[in-house]
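For reference, the chains in residue letters:
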Amino acid sequence: MKKFVWLMLVLLCLFMAGCGTKAELVVEAQPSAVPTPTAAPENEEPEPAYGQLLEDVQIIIANAEAEALTHETNLSNAVTQADMNVHSHELYMTWDDAINEIWALFDETLDRDLFYDIQAEQIAWITEKETELQKIREEYQGGSITALACNTRAAEMTKERIYELLAYIEKS
């Protein structure tokens, strides 16, 4: 019972942090019409090696953040466990779709050596995520809150991983 109370307290805190005015932000990627100069002017910072990739990933993240806010609001307003399960799944799928979209861009754009390094790390991360979700399933023994707990944790982990992937590009 204590675990349930703690989980509900944590979930309530998470959802309260996401509460507020509904913000819808959809940013469309615009193709660059002007080629980037090879050398930066004297007073400007040089553009990162993966400038367009960085911009595209930031757009994907901004869209996911906006969509996630809607799902978090729906989740915090849900009354039944079934509704909570549905909205938490939608939240997870928002972040899962975003990471898959980012991963496709990485595959198309990154230097092969860097891509393979990140890919090995990504495979380890997926294993870690699945292990953690299995622990949650065992903890709740398949009860009705299991889906909510798994979806919420998977969404958190995936969002964290997306920002880790963003950091790779920002460093490049």
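Predicted, not measured: the structure shown is a model, and the values here were computed from it.

A. View of the packing of aromatic side chains. Summed over the entire model, instances satisfying the criterion amount to three aromatic pairs. Measuring from ring centre to ring centre gives 5.2 Å for Trp103 and Phe115, while their planes differ by 40 degrees; the resulting arrangement is tilted. Of the two residues, Trp103 is situated in helix 3 (residues 81-109) and Phe115 in helix 4 (residues 112-140); the sequence distance between them amounts to 12 residues. Ring geometry for Phe115 and Tyr116: centres 5.7 Å apart, planes at 65 degrees, overall edge-to-face. We classify Phe115 as buried; its relative accessible area is 4%. A connected cluster of aromatic rings, assembled from ring pairs, spans Trp103, Phe106, Phe115 and Tyr116. Positioned above the aromatic ring of Phe115 is the side chain of Arg112, whose terminal nitrogen or guanidinium carbon lies 4.5 Å from the ring centre. The ring centre of Tyr116 lies 5.7 Å from the NZ or CZ of Arg112, which sits over that ring.

About the thresholds
- Residues numbered from 1 in each chain as written.
- Predicted model: local features only at pLDDT ≥ 70, side-chain atom pairs only at ≥ 80, totals over all residues.
- Heavy atoms only, no water.
- Phe/Tyr/Trp six-rings, centres within 6.5 Å; stacked < 30°, edge-to-face > 60°.
- Helix = DSSP H or I, 4+ residues; strand = E, 2+ residues; numbered from the N terminus.
- Buried < 20%, exposed > 50% of the residue type's maximum accessible area, 1.4 Å probe, protein only.
- Lys NZ or Arg CZ within 6 Å of the ring centre and 35° of its normal.

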